[in-house]
Amino acid sequence: MLSEITLGQYFPGNSFVHRLDPRTKILATLIYIVAIFLADSPLAYGLLIAFAALVIGVSRLPVGMVLKSLKPIWIIIIITMLIHMFTAPGENIIFAWKFFKVTEEGLILGTKMALRLVLLLLFSSVLTFTTSPIVLTDGIEKLLRPFKCIGVPAHELAMMMTIALRFIPTLLEETDRIMKAQTARGADFSSGNLLERAKNMLPLLVPLFVSAFRRAEELAIAMESRCYRGGEGRTRMHELAYKGIDHTAFAAVLVLVFSLVALRWGAGLCAL
Amino acid sequence: MSIKLANVFYTYMTGTPFERQALNDVSLTIAKGEILAIIGHTGSGKSTLVQHLNGLIKPLRGKVTINDIDIAGRGSEAKAARQQVGMVFQYPEHQIFAETVYDDIAFGPRNRGFSAEEVDKQVREAMSFVGLDFETFAERSPFQLSGGQMRRVAIAGVVAMNPDYLVLDEPSAGLDPRSRNAVFKEIMALHKERGIAIVLVTHSMEEAAKYAHRMIVINKGKILFDGKPADIFSNHKDELIAVGMDEPPIYKLSVTLRAKGLEIAAGITDVGELVKNIKKVKGWR
Amino acid sequence: MISIKELKHYYTDADGKEVKALDGIDLDIKKGEFVAIIGANGSGKSTLARHLNALLLPTAGTCTVGGLDTMEESNMWDIRQQVGMVFQNPDNQIVAAIVEEDVAFGPENIGVPNEEIRPRVERALAAVGMSDYAKHAPHLLSGGQKQRVAIAGLMALEPQCIVLDEPTAMLDPQGRKEIVATVKSLNQDKGITIVYITHYMTEALAADRVVVMEKGHIRFMGTPKEVFCRVDELEKLGLEAPLAAKVASELRKSGIKLPKDIITDEELAQALCP
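These figures come from a predicted structure and were not determined experimentally.

Each value, and the rule that gives it
- Residues numbered from 1 in each chain as written.
- Chains lettered and ligands numbered in written order.
- Predicted model: local features only at pLDDT ≥ 70, side-chain atom pairs only at ≥ 80, totals over all residues.
- Heavy atoms only, no water.
- Salt bridge = Lys/Arg side-chain N within 4 Å of Asp/Glu carboxyl O.
- Helix = DSSP H or I, 4+ residues; strand = E, 2+ residues; numbered from the N terminus.
- Expected span 1.5 Å × (residues − 1).
- Buried < 20%, exposed > 50% of the residue type's maximum accessible area, 1.4 Å probe, protein only.
- Arc of directions from axis to C-beta.
- Pairing = 2+ DSSP bridges.
- Axes fitted to C-alpha atoms, helices over the stretch in contact; angles between N-to-C directions.
- Contact = heavy atoms within 4.5 Å.
- Buried area = accessible area lost by both parts, 1.4 Å probe.
- Polar contact = N/O pair within 3.5 Å; in protein donor to acceptor, adjacent residues only side chain to side chain.
- Phe/Tyr/Trp six-rings, centres within 6.5 Å; stacked < 30°, edge-to-face > 60°.
- Lys NZ or Arg CZ within 6 Å of the ring centre and 35° of its normal.
- Domains from an automatic or database assignment.

Topic: the pattern of salt bridges
Counting across every chain of the model gives 39 salt bridges over all chains. Salt bridges sharing common partners tie together D138, E141, R145, R234 and R236 of chain A together with E108 of chain C.

Section: helix 3 (residues 42–59) of chain A
Residues and elements named next belong to chain A. Compared with the 26 Å implied by 1.5 Å per residue over 18 residues, the 26 Å span of helix 3 between its first and last C-alpha is a close match. Among all positions in helix 3, only A44, Y45, L48, F51, A52, V55, I56 and S59 are buried. Around the axis of helix 3, the buried residues are gathered within 130° of arc, so they sit on the same side. Opposite the buried face of helix 3, at more than 90 degrees from it, the exposed residues are P42, L43 and L54. Looking at the residues trailing helix 3, positive phi occurs at R60, about 55°.

A word on the sheet that holds strand 10 (residues 217–222) of chain C
Residue and element names in this part refer to chain C. The six strands lie next to each other as 6-7-8-3-9-10, forming an open sheet whose pairing is mixed. What marks the edges here is a single partner per strand, and that holds for strand 6 (83–86) and strand 10. When strand polarity is set aside, the average angle formed by the axes of neighbouring strands in this sheet is 20°. Packing against the sheet, helix 5 (residues 143–155) makes contact with strand 6 and strand 7 (161–165), and its axis sits at approximately 165° to strand 6. Taken strand by strand, helix 6 (residues 173–189) contacts strand 3 (34–38), strand 7 and strand 8 (193–198), and its axis lies near 155° from that of strand 8.

A few points about the interface of chain B and chain C
Facing 25 residues of chain B, the contacting portion of chain C comprises 27 residues. Of the roughly 2,500 Å² buried between chain B and chain C on both sides combined, carbon and sulfur atoms contribute 64%. The largest per-residue losses of area from chain B upon contact with chain C belong to D176, L253 and K260 of chain B, which jointly make up 21% of the total buried on that side. Across the contact surface, chain B and chain C share one salt bridge. Close ionic contact of E240 of chain C with R180 of chain B constitutes a salt bridge, the shortest N to O distance being 3.9 Å. Viewed at the interface, chain C and chain B are joined by seven residue pairs in polar contact (both at pLDDT 80 or more). Listing elements by their share of the side of chain B that touches chain C, those giving two or more residues are helix 7 (177–194), helix 11 (249–259) and helix 12 (271–282) of chain B.

A few points about the sheet that holds strand 4 (residues 61–66) of chain B
Strand pairing in a sheet is mediated by backbone hydrogen bonds. Such pairs are either parallel or antiparallel. Residues and elements named next belong to chain B. Spatial ordering of the open sheet is given by 2-1-4-5, a layout of four strands whose pairing is antiparallel. A strand with exactly one partner marks an edge of an open sheet, and here the two such strands are strand 2 (20–31) and strand 5 (69–70). Across two bridges, strand 4 lies against strand 5 in antiparallel orientation. Counted as the bridge partner of I66 is I69 from strand 5.

Let's talk about the interface of chain C and chain A
Chain C puts 39 residues into the contact, and the matching count from chain A is 29 residues. Carbon and sulfur atoms supply 55% of the area buried between chain C and chain A, which totals about 3,200 Å² over both sides. The interface formed by chain C and chain A includes five salt bridges. The salt bridge partner of R234 of chain A is E108 of chain C, with a shortest N-O separation of 3.0 Å. Summed over the shared surface of chain C and chain A, the result is 18 residue pairs in polar contact (both at pLDDT 80 or more). Contributing elements (two or more residues each) for the side of chain C that touches chain A: helix 2 (76–82), helix 3 (99–109), helix 4 (114–127) and helix 5 of chain C. Examining the composition of the side of chain C that touches chain A, we find that ten residues originate from one element, helix 3 of chain C, more than from any other.

Quick word on unusual backbone geometry
The phi torsion at C227 of chain A lies on the positive side, around 65°, for a residue other than glycine. You can see C227 of chain A is positioned in the loop between helix 10 (202–225) and helix 11 (244–271).

Considering the pairing of strand 1 (residues 2–12) of chain C
Residues and elements named next belong to chain C. Alignment of strand 1 against strand 2 (residues 18–29), held across nine bridges, turns out to be antiparallel. Note that in strand 2 the partner of I4 across the bridge is L27. In sequence, strand 1 turns back onto strand 2 through a hairpin of five residues, with G16 there showing a positive phi of about 85°.

Comments concerning the packing of aromatic side chains
Scanning the entire structure with this criterion turns up eleven aromatic pairs over all chains. Here the aromatic cluster, defined as three or more aromatic residues joined through ring pairs, consists of Y32, F51 and F123 of chain A. Stacked on the ring of Y200 of chain C, the Lys or Arg R176 of chain C has its end atom at 4.2 Å from the ring centre.

A closer look at the environment of G129 of chain C
Residues and elements named next belong to chain C. Looking at the element boundaries, G129 is found in the loop between helix 4 and helix 5. Using a relative accessible area of 44% as the deciding quantity, one classes G129 as partly exposed. C-alpha separation for the pair G129 and A152, spaced 23 residues apart in sequence, amounts to 9.2 Å.

Brief notes about the domain arrangement of chain C
Residue and element names in this part refer to chain C. Segmenting chain C into domains produces domain 1 (2–230) and domain 2 (242–274). Computed over C-alpha atoms only, the centres of domain 1 and domain 2 are separated by 34 Å. Contacts between domain 1 and domain 2 engage six residues on the former and eight residues on the latter. Of all residues in domain 1, the largest losses of buried area upon contact with domain 2 belong to K225, F228 and C229, amounting jointly to 78% of the total for that side. Taken together, the links from domain 1 to domain 2 amount to one salt bridge. Across the salt bridge formed by K225 and E267, the nearest N and O atoms sit 2.6 Å from each other. Summed over the shared surface of domain 1 and domain 2, the result is two residue pairs in polar contact (both at pLDDT 80 or more). No other element matches the three residues that helix 8 (residues 224–228) contributes to the side of domain 1 that touches domain 2.

Thoughts on helix 6 of chain C
All names here are of chain C. Helix length check: helix 6, at 17 residues, gives a terminal C-alpha distance of 24 Å against a target of 24 Å (1.5 Å per residue), a fit within 8%. Of the residues making up helix 6, those classed as buried are G175, E178, I179, V180, T182, V183, L186 and N187. Those residues of helix 6 that are buried are in contact with strand 3, helix 4, helix 5, strand 7, strand 8 and helix 7 (201–204). Just past helix 6, the residue G191 takes up positive phi, approximately 65°.

Dropping the structure here:
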């Protein structure tokens, strides 16, 4: 079941998007997310959708797989849509039953909100599909480095992410193993009320924590043995460097933002 | 009284690119009271096979029955049948969770619904089987014991469920020679006194030759050989080596001696016996 | 290479009792030597190993590595670069989610210039025969392969000596063979000094010298031949002797004259049927 979730997975490839510097991709994604909230006309939304489609196309990812990343959260999307549909104030009632009413304004607002969420998710999933977790971590570390002077522990955060990525599969396997062992001893993880269930989880959680702590301790010793002493004076095998394609990508994102700004305030600016 | 696997098939991650067939038409009967060793290299399917014995994995095709009861069912009869099979996983000390040795060992019997007196009796018996003194250890925290002692607590936790069949997946892994021998001595005593069947999954040809009545060799999800360890090791040496297995050291030594013209009897698994045999052949007293 | 003099390591356990984990160890390990240390659980062999790269410091006595005293704090990182350490659990020493990234971890830590790291990583992976797995995820490798990646991670630091603390205890027979073969080739082809801790007697047979420990002391040492023919003493320490040595010892006990130093099947056969 866990293997069905595609959100956050890396899909190796060598497309234009794959080859971009991770910092470019992270910044472009952030700018795109801001841009989503600049849009207020159908044309602007059309532009955003077209841009997302362009990026997915250029990345050569299977479209079905990208869309599948919406699967775990489609329920949130629908709830967002419904809440806006039913609660937005408006005059033009399309449908009413008892105290439920759907107005034209509500329908438009709901659709907008859902669309924003979908675009946001699709665009960020392209980021994770085209960037290996390790490279992504490198990018985050590099981007956060300037904030070190105000106390952001950039290296430590990145190291924590690296280790987490390495150990998630190991701990999942371990969970599976302990669950089987306790099931064989007659443990029951699925019945009873909330309190009973929490208590029934102890035979799983205690060994899991004990093992995680043991692993952490052993890993720390192994890291020390390999001369790890924090971020000071460390070099990297992959030094990140912006290339020509990164400038192209930034230019494309800026064109999008300017178009959206023009669409929203262009008329007003012209009138001035 | 037996566990029967009839034409069992199992595949991991069906329908994905990672699909891997683990068991391919396996049929097997394990009789009550026998000692069966299962050998095969890592990934041969032996772990998948033993997890079928108590329903932790359900066959994709085929059937597993214990005393003719299909254990795949949801009813209480199937559940009771599954509970007749105790399972000691690799590194079983990693499943210890309770605050005291007593509570950890009592976990299984309590889940089986034994009365308080019955639980107490089973815990005491199980501890004595694995050589842990009740007065000394019952109220101690299992997390402060040595590795070998923790292994014994975990094995006792399964023994206390009073199973008819005990499956052990590499019970000696990671132990030093002294603890290895002690653990096997305890398992053999358990077999002798309670008459329970032992299914031993092992990488050690020596253990299989020394302890098992019967041995099956698994390769690529199929049973390659099923028979007496002595027969398999003597008659199928080349096939065993081809699938990454080996012959026990004592067989190797016997073969070397025979090649030198010393007529050592086949199938000796004990050092004392080999020494006697050498003396006999050489005409020494 | 390594010189240990009257080394003692005491600590206080959870019950407040003083434990003498090492109680007067004298041991010299020459450059390029392959030393195996055997002993039952609790004999102090792991504690001794951890002194060799300053993970533990002596309570009394000295431990010097390449002329550097481990007690001197300023020597610590030099010592750790010279002496790499492989541990029992292959999972808990791999840091990164891609093999080559993990091998690069050591050189990155000591500030090797960026353009030198990749060649080091490639050489290290080649030395353990794992070049084809550079881009793989460690959790999908076999135990023996993971342990080889861990060794490559040390080789990338270009050490003089590698200490392996029961590296095969959690591996299957195939993985065990891989590790012994890898260690032998590092010793013979690259001249790396090896300190190999194990309780599998068959693995210690590959060493130049075997050190037998019990209760924080070195009981005896010598070539594998000298050590493994002392069948009764080994058994008293909870260790095993090779089968041929055991059989020879039993035969000697019943009055049969055999050479004292039989440890292999062939030697026994030769002695019985000359």
